[in-house]
Amino acid sequence: MKTNLRVRFLGVFFVLLLGAWSANARFSSSKAADSTSFNQFKGSILDSKTRNELVYASISIAGTSISTISNSEGKFAIKVPKDNQNANLIISFLGYKNKIVSIQELKAEKNILYLEPSNTVLEEVVVNSRDAKTVFLGVLNNRLQNYGDDPLAMTGFYRETIKKRRTYVSLSESIVKIQKEPFTDGSQDLIDLFKGRKNTDYTKLDTVNFKLQGGPFSALYIDLVKYPSNIFSEDAFELYDFNLEEVTQINGNQVLVLAFKQKSAYDFPLYYGKLFIDAKSLAVVSASFALNVEDKVKAGRLFTRKKPLGLDVYPSEVRYQINYREQNGKWIYAYSRADLTFKLNWDKRIFNTVYTTTVEMAVTDWKKSDKKEPGSTQKLNSNVIMSDKVSSLSDPDFWGAYNIIEPEKSIETAIRKIQKKALVEGLRE
């Protein structure tokens, strides 16, 4: 029986090297943002009944391809060009009704937008007439119909962070240009680094330099529509159990929930999670899944490229999220995220060290493209280490008119500390 699984889609490897490192954070120069070309609006997306935050909700400008996403605290920021001030915002989230808000009614900050849960009505004729295998095969067979065959030129925002326990030791952010190739021609997606910033404080890493290798490709390889074999391989039904679970909705459309987990006969690290599938078109609208890390030794081998002798590295949690956005009857890659927690054990040391890294990328604009590759500044490869490619953290207007994922409170705090430290060091010089 074949088990030739590729973990290439993760795109996340860690390079751990011995050595003393110094932090060289500096402000990079950048021109002030041209704030006359857009208005920015900030706020939170909440459940209208529970008042809980809705994380990774989609916020888009009606009639355009401009969009962003709420962060893990439900907060968002979107920059609206002056030409679109009379348009509406559309907020969508799985299991809820779409909300349409006039941009003219928004304040600059502290907007609170409530979404109403959809009332799920089970349609027995839909659910009972399909088994899990039929649904899964339908997803694969309908990809061309649901996702199209056009190359797309995308603008995206990418962020990666590394924390040692609760302290940020590395933060990299960038605007990226993506050439999203159709799955039908088998071409790899291409990425250009357009603009970026970072801070890495190696003084907090003790004797280990913990680097993340893969950069934005880490996020792209989570796209299971483009790269389904990276997760399931051709032996999906031999390796996984599939099960149709509850039904939910998105803006009144029924969504099937297809759960999967690896069969108990296999001890090689595979995946478990849920695919959220539009019942009519059989398009995947979202997916949430995790790696089985019960065998920490085998799981650890999937991620570590280099490490010193006497050091064991293994993951304690590995989770992924992928969202797609529908426009004009086609679904496109919209957002992906990976959250990974690792433990580092040294020989002859009592205590271990815990690192947590998060990789996320949101598409903030896109258009159809005839180009075979983006024309640009820095074309990246799948082995890129982003923290080696971008300059230091800089002023608050660094991003200009580009949309980004609103930073979480902990990231904002880390940025303020970094900027304060850089200012003090600059004054000393």
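Presented here is a report on the structure given in the accompanying data block. (Residues numbered from 1 in each chain as written. Predicted model: local features only at pLDDT ≥ 70, side-chain atom pairs only at ≥ 80, totals over all residues. Heavy atoms only, no water.)

**Points about the overall build of the protein chain**
Then, number 1: The number of helices and strands found in the protein chain is 7 helices and 22 strands.
Then, number 2: Within the protein chain, contacts between residues separated by at least 24 positions form 69% of all contacts whose residues are at least 6 apart in sequence. (Helix = DSSP H or I, 4+ residues; strand = E, 2+ residues; numbered from the N terminus. Contact = heavy atoms within 4.5 Å.)

**As for the pattern of salt bridges**
Then, number 1: All chains considered together, the criterion is met by 16 salt bridges.
Then, number 2: A salt bridge links Glu-245 to Lys-274; the shortest N-O distance between them is 3.3 Å. One end of the pair, Glu-245, is in strand β13 (residues 240-250); the other, Lys-274, is in strand β15 (residues 271-278), with 29 residues separating them in the sequence.
Then, number 3: We note a salt bridge from Glu-360 to Arg-337, for which the minimum N-O separation is 3.1 Å. Within this pair, whereas Glu-360 is found in strand β20 (residues 353-368), its partner Arg-337 is found in strand β19 (residues 330-346), the two being separated by 23 residues in sequence. (Salt bridge = Lys/Arg side-chain N within 4 Å of Asp/Glu carboxyl O.)

**Digging into the sheet that holds strand β6 (residues 88-92)**
Then, number 1: If you trace the 4 strands from one edge of the open sheet to the other, you get β4-β3-β6-β7, paired in antiparallel fashion. Each of the sheet's edge strands pairs with one partner strand only, and the pair in question is β4 (67-69) and β7 (99-102). Strand after strand, the sheet turns through a mean of 20° between neighbouring axes, direction not considered.
Then, number 2: Pairing between strand β3 (residues 58-61) and β6: 4 bridges, direction antiparallel. (Pairing = 2+ DSSP bridges. Axes fitted to C-alpha atoms, helices over the stretch in contact; angles between N-to-C directions.)

**Considerations on the layout of surface pockets**
Then, number 1: Of the volumes computed, that of the largest pocket is approximately 810 Å³.
Then, number 2: Along its surface, the largest pocket is lined by 35 residues, and Ser-58, Ser-92, Phe-93, Ile-250 and Tyr-324 are the ones closest to its centre.
Then, number 3: Those elements giving two or more residues to the lining of the largest pocket turn out to be β3, β4, β6, β15, β16 (284-291), β18 (311-327) and β19.
Then, number 4: Tallying contributions element by element places β18 first for the lining of the largest pocket, with 6 residues.
Then, number 5: Partitioning the lining of the largest pocket into residue classes produces 17 nonpolar, 15 polar and 3 charged. (1 Å grid on protein atoms, 1.4 Å probe; cavity = no way out; pocket = protein on both sides within 12 Å on 5 of 7 lines; lining within 4 Å. Points joined across faces, edges and corners; volume = space filled by probe spheres on them. Nonpolar A, V, L, I, M, F, W, Y, C, P; charged D, E, K, R; others polar.)

**Notes on empty space enclosed by the protein**
Then, number 1: Counting across every chain of the model gives 2 cavities of 30 Å³ or more.
Then, number 2: In this model, the largest cavity occupies a volume close to 70 Å³.
Then, number 3: When residues in the lining of the largest cavity are grouped by element, the largest group, 3 residues, is from helix α2 (residues 132-141).
Then, number 4: In terms of residue class, the lining of the largest cavity is built from 9 nonpolar, no polar and 1 charged.

**Some remarks on the packing of aromatic side chains**
Then, number 1: Counting across every chain of the model gives 20 aromatic pairs.
Then, number 2: Taken together, a centroid distance of 5.5 Å and an interplanar angle of 90° make the contact between Phe-157 and Trp-399 edge-to-face. On the criterion of sequence distance, the pair formed by Phe-157 in strand β9 (residues 152-164) and Trp-399 in the loop between β22 (391-392) and α7 (409-428) is long-range, its members being 242 residues apart. As far as the burial class goes, Phe-157 and Trp-399 line up, both buried.
Then, number 3: A centroid spacing of 5.0 Å and a plane angle of 75° characterise the contact between Phe-232 and Phe-260, whose relative ring orientation is edge-to-face. In this pair, Phe-232 is assigned in the loop between α4 (216-220) and α5 (236-239) and Phe-260 in strand β14 (residues 253-262), connecting sequence segments 28 residues apart. (Phe/Tyr/Trp six-rings, centres within 6.5 Å; stacked < 30°, edge-to-face > 60°. Buried < 20%, exposed > 50% of the residue type's maximum accessible area, 1.4 Å probe, protein only.)

**Overview of the sheet that holds strand β8 (residues 111-115)**
Then, number 1: One open sheet accounts for 3 strands, arranged β5-β2-β8; its pairing is mixed. Of all the strands in the sheet, the pair left with one neighbour each is β5 (75-81) and β8. This sheet shows a mean twist of 40° between the axes of neighbouring strands, independent of strand direction.
Then, number 2: As paired strands, strand β2 (residues 38-47) and β8 are joined by 5 bridges and run parallel to one another. What sits directly across from Ile-45, in β8, is Leu-113.

**Points about the pairing of β9**
Then, number 1: Buried residues dominate β9, accounting for 11 of its 13 residues.
Then, number 2: Remark: 2 residues form the turn of the hairpin made by β9 and strand β10 (residues 167-180), two consecutive strands paired antiparallel; Arg-165 in that turn has positive phi of roughly 55°.
Then, number 3: Sheet analysis places β9 next to β20, joined by 13 bridges and oriented antiparallel. Counterpart to Glu-160 in the pairing with β20 is Val-359.

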